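Commentary on secondary and tertiary structure
What follows is each chain in one-letter form.
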Amino acid sequence: MAESILSGRRVLLIIGGGIAAYKSLELIRRLRERGASVRAIMTAAAHEFVTPLSVSSLSGDKVYADLFDLTDEAEMGHIELSRDADLLVVAPATADLMAKMAHGIAGDLASTALLATDKKVLIAPAMNVRMWTHRATQRNFETLLADGVDFVGPNEGDMACGEYGPGRMAEPAEILAAIEAHFAALAFPGGGPLKGKRVLITSGPTHEPIDPVRYLANRSSGKQGYAIAQAMARLGAETVLVSGPTNLPSPPGVTMTRVETAREMLSACEAALPADIAICAAAVADWRVASDAEQKLKKQPGEQAPALMLVENPDILATLSHLTTNRPRLVIGFAAETEKVIEHAVAKRQRKGCDWIVANDVSPATGVMGGDLNTVHLITREGQEDWPLLPKQAVAERLARRIADHFSTAKAAE
Ligand code: CTP
């Protein structure tokens with residue numbers, strides 16, 4: 001998995017005692033999928049929420065817990081544990097762990113490893129809203145920020161204790177994105193190969209209203225487009241993501257415009273121009289209802305079901321490809337096909353007028369729709385490149401790097 005920025009990175013994950021600890025299991029899984037190795041330390045309180053067996057099954061390593069366990073000290077002391085890692089992540093970071101970190105208290109293995117480290121520390125706080133807003137926690141927060149600790153979250157929302165407000169731990173995808181952003185910044189201290197380039201990306205489905213409460217939609221998750229936005233931003237591009245309705249968090253460092261319909265998506269894209277690159281990954285609804293009802297359609301006893309008259313939506317990819325002014329220098333489309341993938345994609349590239357097309361097989365047997373893996377073929381004017389089966393994140397990173405190479409080759413040829 002040489003494609004991932006996390007490949008070969010060593011993360012020391014410190015799991016504090018909070019209800020959000022279960023989300024850390026998902027985080028471990030995602031980190032390992034992307035090629036990172038994870039060592040976990042659990043505080044005594046964390047054992048009340050997740051078992052060391054679940055953590056070690058996912059991390060593929062033993063779980064470290066006891067400062068005075070002589071076997072551990074012989075194999076790997078607390079100093080070595082934190083020195084051996086490239087990054088320390090605390091998730092969930094309880095009020096207690098934050099307080100210990102802010103005051104340099106080292107009473108157990110977790111707090112000792114945090115005090116002994118010379119590596120970056122990223123923390124994902126999780127606690128009751130009153131604990132988070134308490135002056136003591138806010139003081140600790142300020143202290144930790146001043147000490148150079150990075151934070152992801154906490155988010156605002158419903159809490160396990162029944163209250164509402166800030167204090168919920170960030171989702172595993174957000175923590176993962178923050179970890180990736182950290183390593184990307186290390187990899188490209190000068191700003192990355194796409195620095196100075198502006199990219200516009202469409203993603204997700206569109207919702208086309210039938211009446212104020214009903215709409216036409218499709219099954220697009222938006223995952224691929226969001227992953228591309230994140231990968232482009234990490235390579236230094238100024239990234240604008242125009243997204244239809246999804247449940248995904250905004251990728252860090254990306255300017256988001258959320259829209260509902262195809263027409264709104266087109267207007268948002270036009271407003272985002274000029275751009276050097278446009279990547280249309282959205283599953284735009286091909287049709288909308290000719291005139292959506294102003295009031296909710298009511299069932300009338302004995303009457304027939306209403307017939308929906310559909311009209312074609314604007315084609316955003318074709319519109320951007322055929323612009324006479326402000327056309328992005330590189331316009332990339334996607335071709336999701338269920339048969340004759342290459343043949344259809346080659347024809348689609350010509351029909352839409354884009355420069356590249358990323359073709360993939362979305363027939364149900366592949367599990368691509370809504371899933372995490374993708375097999376794609378890149379169709380350019382020059383020919384076809386077949387990429388192996390990759391996680392969508394890795395497809396995004398490979399595409400971002402391919403774009404960066406394209407611009408550096410073009411520059412070299414100037
Ligand atoms: N696309 C777009 N606007 C539309 C329809 C599609 O921008 N109204 C873009 C998609 O984002 C994608 C490409 O066009 O990059 C191809 O989408 P696809 O749905 O495969 O193509 P269609 O034109 O709908 O062709 P068909 O459904 O007949 O295969």
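This one's a predicted model, so the numbers in the text were calculated from it and none came from an experiment.

Let us now look at the pattern of salt bridges. Enumeration over the complete set of coordinates arrives at 24 salt bridges. Put simply, Arg34 and Glu180 hold a salt bridge, and the shortest N to O gap is 3.6 Å. With Arg34 in the loop between helix H1 (21-33) and strand E2 (37-42) and Glu180 in helix H9 (residues 172-187), this pair connects stretches of sequence that are 146 residues apart. When its relative accessible area of 13% is taken as the criterion, Arg34 is described as buried. Residues Asp118 and Arg83 are paired through a salt bridge, measuring 3.5 Å at the closest nitrogen-oxygen approach. Taken together, the residues Asp118 in the loop between helix H6 (109-116) and strand E5 (120-125) and Arg83 in helix H4 (residues 78-83) connect sequence positions 35 residues apart. By relative accessible area, which is 43% here, Arg83 ends up partly exposed. Sharing partners across several salt bridges, the network here consists of Glu26, Arg29, Arg30, Glu33, Arg34, Glu180, Arg234 and Glu397.

A few words now on the sheet that holds strand E14 (residues 277-280). If you walk across this open sheet you meet the eight strands as E13-E12-E9-E14-E17-E18-E20-E21, and the pairing is mixed. Strand pairing shows two members of the sheet lacking a second neighbour, strand E13 (254-258) and strand E21 (384-386), which therefore form its edges. Going across the sheet, the axis of each strand differs from the next one's by a mean of 15°, ignoring polarity. Judged from the five bridges that link them, strand E12 (residues 238-243) and E13 form a sheet pairing that is parallel. By the bridge assignment, Ser243 is partnered in E13 with Arg258. Relative to strand E18 (residues 356-361), helix H13 (residues 341-352) is tilted by about 150°, and along the sheet it contacts strand E17 (330-337), E18, strand E20 (376-379) and E21.

Moving on, we come to the site of the ligand. In the region of the ligand, 13 residues are neighbours, and Cys280, Ala282, Phe334, Lys348 and Lys352 sit closest. With respect to the ligand, the backbone of Leu317 contributes an N or O atom lying 2.8 Å from an oxygen atom. Within the side chain of Lys352, one N or O atom sits 2.6 Å away from an oxygen atom of the ligand. In isolation the ligand exposes 570 Å². Once the protein is present, 76% of that is buried. At a threshold of 2 Å from the grid points, most atoms of the ligand map onto the largest pocket. Counting residues per element, the ones that place at least two in the shell around the ligand are helix H12 (316-321), E17 and H13.

Thresholds applied
Residues numbered from 1 in each chain as written. Predicted model: local features only at pLDDT ≥ 70, side-chain atom pairs only at ≥ 80, totals over all residues. Heavy atoms only, no water. Salt bridge = Lys/Arg side-chain N within 4 Å of Asp/Glu carboxyl O. Helix = DSSP H or I, 4+ residues; strand = E, 2+ residues; numbered from the N terminus. Buried < 20%, exposed > 50% of the residue type's maximum accessible area, 1.4 Å probe, protein only. Pairing = 2+ DSSP bridges. Axes fitted to C-alpha atoms, helices over the stretch in contact; angles between N-to-C directions. Contact = heavy atoms within 4.5 Å. Near = heavy atom within 4 Å. Polar contact = N/O pair within 3.5 Å; in protein donor to acceptor, adjacent residues only side chain to side chain. Areas by Shrake-Rupley, 256 points an atom, 1.4 Å probe, with all protein chains shown as cover. 1 Å grid on protein atoms, 1.4 Å probe; cavity = no way out; pocket = protein on both sides within 12 Å on 5 of 7 lines; lining within 4 Å. Sits in = over half its atoms within 2 Å of the grid points.

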